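The chain contents come next:
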Amino acid sequence: MLYFRFPEGEKFYTTDDDASEVNVNFVSFDRKKEIDFKGNLIEISAEEIAEEDYVPKSKKERIELYKDTEDTYSRKVLQAIDYIKANQLKKLVISRGKILMYTDISHDKKLALGKSFLQFCDNYPTAFCYLFEKDGQCWMGGFSEVLGKYNKKTNAFETMSLAATLPLDEAWTDKEIEEQKPVTDYVHSVLKRFAVDISVSKVQDHISGNIKHLRTDFKATVYPQDLENLIKELHPTPAVCGFPKDVCMQGIKIIEFNSREFYSGFIKVETEEEIYYFVNLRCAEFFKSYAILYVGGGITEKSDPKKEWTETELKSLAIQNNLVFD
Ligand SMILES: C=C(O[C@@H]1C=C(C(=O)O)C=C[C@H]1O)C(=O)O
């Protein structure tokens, strides 16, 4: 089962079992896991989705690895700051999985995933939103960060540098500006190697629910033979990992105990005219009696552990506030 909706889209899609082509492809952060949905993209109504009554059955091994408190997460942030200083990094992105017991929300009602997906779509109109279940794995998520959008006819390519987070009513400081800049520089440097006619926008605010980010848009021309190599090089951007990648990947391994799975990976969706690559953030994996909500943030030398904890709590509300029980 797979349902999704494009950013700003009004229609919902699923895939049939007719074609041998892979049309929708979930790639894990470390690229080691993939979940593919083959078939033609077909429209599905909200009514049909609302009737979805899939109940996740599986359990996760070693769930204790995901039980971060403000205290344990603050220690991870301090460890990240030490790692940043020791390796002279500009930023490192760390994350956690937040366990949400269904009984903490409702004692007598059951989680309605289809309805949750529809409510999530309503509240995040600019996001690519999805819900899938395959081989016992069940995920829902959606965010508006685009790793790539490619027009197969015109070779036009779009991407963005999106980073730094604040509640809507707070003003940007040097800390956030210094956090987004390495992402912009990195994306630009990769585009210079694989694209031509590159144009770069000014930095602008990017609102997502209860928080805002900084965003720079890029437009370029990419020849078909360069597209996959460009994506390979772009992912993971410093928005979800840090720079340089290998040092940051190593830092993430040392500091985060749990595996990121599909969180901060990407979703490739191919249509007749376009190929999209959406960054998989604000997402959660669903189990029998709980969900794991994945959230993180960019750490710099100037990070305050308390603020970083609050940032992850705010990010987790994207999924948490849209779970429907009936
Ligand atoms: C890592 C996440 O988000 C990314 C990191 C951000 C940050 O460091 O401020 C902001 C937006 C995303 O690019 C997340 O949502 O978990």
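What counts, and where the lines are drawn
Numbering of residues starts from 1 in every chain and runs along the sequence as written. Confidence filtering applies because this is a predicted model: local features only for residues at pLDDT of at least 70, side-chain atom pairs given and counted only at 80 or more, and all residues used for totals across whole chains, interfaces and linings. UniProt positions are given in the numbering used here, feature names are shortened, and annotations may be inferred rather than shown by experiment. The helix count covers DSSP runs of H or I at least four residues long, the strand count covers runs of E at least two residues long, and both are numbered beginning at the N terminus. Should the C-beta atom of a residue, placed from the backbone, lie within 6 Å of a molecule or strand, that residue is near it. Residue polarity is assigned by list, with Asp, Glu, Lys and Arg as charged and Ala, Val, Leu, Ile, Met, Phe, Trp, Tyr, Cys and Pro as nonpolar; anything else, Gly included, falls into the polar class. Where helices are involved, their axes are fitted lines through C-alpha atoms of the stretch in contact, as for all axes, and angles between N-to-C directions lie from 0 to 180°. What sets the label is the angle itself: under 35 degrees gives roughly parallel, over 145 gives roughly antiparallel, 65 to 115 gives roughly perpendicular, and the rest give oblique. By definition, turning the near helix anticlockwise from the far helix through less than a right angle yields a left-handed crossing, and turning it clockwise yields a right-handed one. The contact criterion used here is simple: two residues whose C-beta atoms, placed from the backbone, lie within 7 Å are in contact. Partly exposed residues are those falling between the two cut-offs: more than 12 but fewer than 20 other C-beta atoms within 10 Å of their own, whereas 20 or more means buried and 12 or fewer means exposed, with C-beta atoms placed from the backbone. Whether two strands pair depends on DSSP finding at least two bridges between them. pLDDT is a per-residue confidence score from the predictor, ranging from 0 to 100.

- An unreviewed UniProt entry annotates the chain as Isochorismate synthase originating from Soonwooa buanensis.

## A few points about the UniProt feature "domain: Chorismate-utilising enzyme C-terminal" (unreviewed entry) in the chain
Okay, so step 1: UniProt feature "domain: Chorismate-utilising enzyme C-terminal" (unreviewed entry): in the numbering of this structure it lies at residues 70-315.
Okay, so step 2: With 33% helix and 36% strand, the stretch residues 70-315 has end C-alpha atoms that lie 15 Å from each other.

## As for the site of the ligand
Okay, so step 1: Looking at the ligand, there are 17 residues lining it, with T165, A239, L281, G296 and G298 nearest.
Okay, so step 2: Elements with a minimum of two residues in the shell around the ligand: β6 (92-101), β10 (156-167) and β17 (290-299).
Okay, so step 3: When grouped by side-chain class, the residues that make up the shell around the ligand number 8 nonpolar, 6 polar and 3 charged.

## Some words on the packing of helix α4 (residues 174-194) against helix α5 (residues 224-234)
Okay, so step 1: Relative to each other, α4 and α5 sit at 160°, their axes nearing to 10 Å. Compared by their axis directions, α4 and α5 come out roughly antiparallel. In this structure, α4 crosses over α5, and the sense of that crossing is right-handed. Seen from α4, the contacting residues are V187, V190 and F194; seen from α5, they are D226, N229, L230, E233 and L234.
Okay, so step 2: Here the contact of α4 with α5 is composed, by residue class, of 5 nonpolar, 1 polar and 2 charged.

## Here we look at the pairing of strand β7 (residues 128-134)
Okay, so step 1: Along β7, 5 of the 7 residues are buried, which leaves the element largely enclosed by surrounding structure.
Okay, so step 2: Relative to β7, strand β1 (residues 2-5) runs antiparallel, the two being bridged by 4 bridges. Residue pairing in the sheet places Y3 in a bridge with L131 of β7.
Okay, so step 3: Here β7 runs beside strand β8 (residues 137-143); their pairing, made up of 7 bridges, is antiparallel. Bridge pairing in β8 links K134 to Q137.
Okay, so step 4: Between β7 and β8, which pair antiparallel one after the other, the connecting turn spans 2 residues, and D135 there sits at a positive phi close to 50°.

## As for the environment of Y223
Okay, so step 1: Looking at where Y223 falls in the secondary structure, it is placed in the loop between β13 (211-221) and α5.
Okay, so step 2: In this structure the C-alpha to C-alpha distance between Y223 and T154, which are 69 residues apart in sequence, comes to 9.4 Å.

## Examining the confidence of the model for the chain
Any region with low pLDDT has predicted coordinates that should not be read closely.
Okay, so step 1: Looking at the chain as a whole, its pLDDT mean stands at 95, while 99% of the residues score no less than 70.
Okay, so step 2: Model confidence for the complex: the whole-complex pTM is 0.97, and ipTM, which rates the interface, is 0.98.

## Describing the environment of G148
Okay, so step 1: Looking at the element boundaries, G148 is found in strand β9 (residues 146-151).
Okay, so step 2: For G148, a count of 22 C-beta atoms within 10 Å puts it in the buried group.
Okay, so step 3: Separated by 118 residues in sequence, G148 and F266 have C-alpha atoms that sit 9.9 Å apart.
Okay, so step 4: Apart from residues no more than four positions distant in its own chain, G148 is found in contact with F157, T159, I231, L234 and Y277.

## What about helix α3 (residues 113-123)?
Okay, so step 1: For α3, the tally of buried residues reaches 8 of 11 residues, placing the bulk of the element in the interior.
Okay, so step 2: Taken together, the buried positions of α3 are occupied by L113, G114, K115, S116, F117, L118, F120 and C121.

## Brief notes about the packing of helix α2 (residues 70-86) against helix α7 (residues 305-320)
Okay, so step 1: Here α2 crosses α7 at 115°, and the two axes come no closer than 9 Å. Of the two elements, α2 crosses α7, and the hand of that crossing is right-handed. Here E70, Y73, S74, V77 and L78 of α2 come into contact with α7, specifically with P305, E308 and W309.

## Focus: unusual backbone geometry
If a residue is not glycine, its phi is most likely negative; likewise, a peptide bond is most likely trans.
Okay, so step 1: In this structure, P236 follows H235 across a cis peptide bond, with omega equal to -10°.
Okay, so step 2: Considering the arrangement of structural elements, one finds P236 in the loop between α5 and α6 (245-255).
Okay, so step 3: Between F243 and the following residue, P244, the backbone shows a cis peptide bond with an omega angle of -5°.
Okay, so step 4: In this fold, P244 is placed in the loop between α5 and α6.
Okay, so step 5: If you check the backbone angles, A164 has positive phi at about 70° while not being a glycine.
Okay, so step 6: Among the secondary structure elements, A164 is positioned in strand β10.
Okay, so step 7: Taking the C-beta count within 10 Å as the criterion, A164 has 26 such neighbours and is therefore assigned buried.
Okay, so step 8: The backbone phi angle of R282 is positive, close to 50°, even though this residue is not glycine.
Okay, so step 9: For R282, the location among the structural elements is in the loop between β15 (274-279) and β16 (283-286).

## Structural notes on the environment of E256
Okay, so step 1: Position of E256 relative to the elements: it lies in the loop between α6 and β14 (266-270).
Okay, so step 2: When the C-alpha atoms of E256 and H206 are compared, they prove to be 27 Å apart, with 50 residues separating the residues in sequence.
Okay, so step 3: Apart from the residues lying within four places of it in its own chain, the contact partners of E256 are I94 and S95.

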